[in-house]
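An overview of the molecular structure
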There are 2 protein chains.
Amino acid sequence: MAARIDELDRKILSELQADASQSLDEIARKVGSSKTPVWNRIRKLREAGVIGKQTVLLEPEALGFDACFFVLIRTSEHEAGWQERFLATLRARPEVMEAHRLAGDIDYILKVRVENARAYDRFYQALIAEVKIHNVTALLSMEELKFTTGLPL
Amino acid sequence: MAARIDELDRKILSELQADASQSLDEIARKVGSSKTPVWNRIRKLREAGVIGKQTVLLEPEALGFDACFFVLIRTSEHEAGWQERFLATLRARPEVMEAHRLAGDIDYILKVRVENARAYDRFYQALIAEVKIHNVTALLSMEELKFTTGLPL
DNA sequence: AGTGAAAGGCGCCGACA
DNA sequence: TGTCGGCGCCTTTCACT
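Residues numbered from 1 in each chain as written. Chains lettered and ligands numbered in written order. Predicted model: local features only at pLDDT ≥ 70, side-chain atom pairs only at ≥ 80, totals over all residues. Heavy atoms only, no water.

1. A word on the protein's contact with DNA strand D
Rule in force here: It suffices for a single heavy atom of a residue to lie within 4 Å of a molecule or strand for the residue to be listed as near it. Pairing of N or O atoms within 3.5 Å defines a polar contact, subject to two protein rules: one partner must be a possible hydrogen donor and the other a possible acceptor, and residues neighboring in sequence count only if both atoms are side-chain atoms.
Near DNA strand D you find Ser34(A), Thr36(A), Pro37(A), Gln22(B), Ser23(B), Leu24(B), Lys35(B), Thr36(B) and Trp39(B), and these make up its full shell. Within 4 Å of the protein, atoms of DNA strand D come from sugar and phosphate in 55% of cases. Thr36(A) places a side-chain nitrogen or oxygen 2.8 Å from a base nitrogen of DNA strand D. A distance of 3.4 Å separates a base oxygen of DNA strand D from a polar atom in the side chain of Lys35(B).

As structure tokens, this is what we get:
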């Protein structure tokens, strides 16, 4: 699955991660190339699925999302049907920012962004009403020390 | 800190989150307004710090980042000096995608993206060499079930 | 606060080396 | 594969409502 990427591609991706609003000329200058080759490479990287969607990062606190929880989930159910229902629930719930299936004794971890603790409880109640869950631990974030979407190229 | 945002702002932010490469005309049409007002609102939201940086989301697996760990950290040190060193280490390490200070008996959680388990171990060794840590639990992600940067507006 | 128009810049695509 | 040049759209601004 890992695409063939050379040094120039890496530099271009790095620039795009840092600031996707830069002009082609600007990127070309920084990576030591020029418009057309840079543009062709970006197109190829997009087609190859290396570059996903272009977005803006919003400030959660400025929008009233003051609470962030990491939710550790243990389940006793491991049939396909259960996992499908669980997955569908996660996908349907916009407050679930991230969900991973884990190795080890904890089965899943979620990252959930909500307005406040009450909103988290609503989410929690809705979740356990939809799927049977053996054990849930919620870790409340007091402070986001670091956040980046940029991979270390 | 929460900015005053009306329904139109919310729609605009939603569109930008979904696809920041859209033209102003397109966004204006979708939210039922026109170019200039949309542009003015975007500028204000940027100045207010609601809209942060514009970026592209890269596909980790296409770039060889096949391993993702959530790291639960307990420490016995709670002085300011220790936390400063810890924070500086996290900031300096590009494989740390996310770091939160928590409430409860676990003190910190990190999200770490690396090439493979060996790269994680290098990170782990470097971390405990730099700061004294009481207890570390690493949760290995087997599968990313969901990932979004889009807040639920 | 929204409309319309005008200008400069930039993405995108050609031909050429 | 990289450079140059042009067409047309899109951002950005301003004057008016």
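What follows picks up the thread again.
2. Let's talk about the pairing of strand β2 (residues 67–74) of chain B
Residue and element names in this part refer to chain B. In plain terms, the rule: Each residue gets one of three labels from its accessible area relative to the maximum for its type: buried under 20%, exposed over 50%, partly exposed in between, using a 1.4 Å probe on protein chains only. By definition, any uninterrupted DSSP run of H or I lasting at least four residues is a helix, any uninterrupted run of E lasting at least two residues is a strand, and each is numbered from the N terminus. Think of it this way: DSSP has to see at least two bridges between two strands before they count as a pair.
Among the eight residues in β2, seven count as buried, and that is most of the element. Where β2 and strand β5 (residues 135–147) come together, six bridges link them in antiparallel fashion. Bridge pairing in β5 links phenylalanine 69 to leucine 140.

3. Describing the pattern of salt bridges
Defined as follows: Here, a salt bridge means any Lys or Arg side-chain nitrogen found within 4 Å of an Asp or Glu carboxyl oxygen.
Taken as a whole and assessed by the stated rule, the structure comprises 22 salt bridges over all chains. With its nearest N and O atoms 3.8 Å apart, the salt bridge here joins Arg10(A) to Glu7(A). With Arg10(A) and Glu7(A) both in helix α1 (residues 7–18) and three residues apart, this pair spans about one turn of that helix. Given the relative accessible area of 27%, Arg10(A) is considered partly exposed. The residue Glu143(A) makes a salt bridge to Arg101(B) at a minimum N-O spacing of 2.8 Å. Of this pair, Glu143(A) sits in strand β5 (residues 135–147) while Arg101(B) sits in strand β3 (residues 96–102), each in a different chain.

4. Quick word on the packing of aromatic side chains
Put simply, the test is: Only the six-membered ring of Trp is used, alongside the rings of Phe and Tyr, when aromatic pairs are assigned; centres must lie within 6.5 Å, and planes under 30 degrees apart are stacked while those over 60 apart are edge-to-face, with the rest tilted.
Under the criterion given, the structure shown has 12 aromatic pairs over all chains. Consider the rings of Phe69(B) and Tyr120(B), whose centres lie 4.1 Å apart with planes at 20°: the pair is stacked. Residue Phe69(B) is found in strand β2, and its partner Tyr120(B) is found in helix α5 (residues 117–130); the two are separated by 51 residues along the sequence. The pair Phe69(B) / Tyr120(B) is uniform in exposure class, with both members buried. A centroid spacing of 4.6 Å and a plane angle of 55° characterise the contact between Phe86(B) and Tyr108(B), whose relative ring orientation is tilted. Linking Phe86(B) in helix α4 (residues 80–92) with Tyr108(B) in strand β4 (residues 108–114), this pair joins segments that are 22 residues apart in sequence. For the pair Phe86(B) and Tyr108(B), a shared accessibility class is recorded, and that class is buried. An aromatic cluster is present here, built from Phe69(A), Tyr120(A), Phe123(A) and Tyr124(A) joined pairwise through their rings.

5. A few points about the domain arrangement of chain A
Just so we agree on the cut-off: Source of the domain bounds: an automatic or database domain assignment.
Looking at the assigned domains, one finds that chain A contains domain 1 (7–47) and domain 2 (61–140). Between the C-alpha centres of domain 1 of chain A and domain 2 of chain A the distance comes to 37 Å.

6. Comments concerning the protein's contact with DNA strand C
Condition: Lys, Arg, Asp and Glu make up the charged group, whereas Ala, Val, Leu, Ile, Met, Phe, Trp, Tyr, Cys and Pro make up the nonpolar group; the residues left over, Gly among them, are polar.
In the vicinity of DNA strand C, the contacting residues are Gln22(A), Ser23(A), Leu24(A), Lys35(A), Thr36(A), Trp39(A), Ser34(B), Thr36(B), Pro37(B) and Arg41(B). Sugar and phosphate atoms form 62% of the subset of DNA strand C atoms that lie within 4 Å of the protein. Within the backbone of Leu24(A), one N or O atom sits 3.0 Å away from a phosphate oxygen of DNA strand C. The separation between a phosphate oxygen of DNA strand C and a polar side-chain atom of Ser34(B) is 2.4 Å. At the level of secondary structure, the elements contributing two or more residues to the surface near DNA strand C comprise α3 (35–47) of chain A together with α3 (35–47) of chain B. Counted by class, the surface near DNA strand C contains three nonpolar, five polar and two charged residues.

7. Some words on the UniProt feature "domain: HTH asnC-type" (unreviewed entry) in chain A
Filter applied, for reference: UniProt positions are given in the numbering used here, feature names are shortened, and annotations may be inferred rather than shown by experiment.
According to UniProt, the feature "domain: HTH asnC-type" (unreviewed entry) maps to residues 5–66 of chain A in the numbering used here. Structurally, residues 5–66 of chain A comprises 53% helix and 13% strand, and the distance from its first C-alpha atom to its last is 39 Å.

8. A look at helix α2 (residues 24–31) of chain B
All names here are of chain B. In plain terms, the rule: Within this analysis, the arc is defined by the directions that extend from the helix axis to the C-beta atoms. We call two residues contacting when some pair of their heavy atoms lies within 4.5 Å.
Looking at α2, one finds that the buried residues are Ile27, Ala28 and Val31. In a view along the axis of α2, the buried residues occupy a sector of 100°, so they form one face of it. Packing partners of the buried residues in α2 comprise α1 (7–18) and α3. Where α2 ends, the next residue or the one after it, glycine 32, has phi of about 75°, a positive value.

9. Thoughts on the packing of α1(B) against α3(B)
Residues and elements named next belong to chain B. Worth spelling out the cut-off: Structural elements are reduced to axes, namely lines fitted to C-alpha atoms, with helices fitted over the stretch in contact, and the angle between N-to-C directions of any two is expressed from 0 to 180 degrees. An angle below 35 degrees is treated as roughly parallel, one above 145 as roughly antiparallel, one from 65 to 115 as roughly perpendicular, and anything else as oblique.
As a packed pair, α1 and α3 sit with axes 10 Å apart at the nearest point and diverge in direction by 80°. Accordingly, the angle class assigned to the pair α1 and α3 is roughly perpendicular. Between α1, through Leu8, Asp9, Ile12, Leu13 and Leu16, and α3, the contact on the second element is made entirely by Val38, Arg41, Ile42 and Leu45.

10. Examining the relation of the copies chain A and chain B
Here is the rule we go by: In this comparison the copies share one frame, found by least squares on the C-alpha atoms of residues holding pLDDT of at least 70 in both.
For the pair chain A and chain B, the relating rotation is 180°, the translation along its axis is 0.0 Å, and the fit reaches an RMSD of 0.0 Å. Considering both components of the superposition, the chain copies are consistent with a two-fold axis. Within chain A, the C-alpha atom positioned nearest to the axis of rotation is that of Thr55(A), 2.8 Å from it. A shared binding surface is used by both copies, with 100% of the interface residues of chain A retained as interface residues in chain B.

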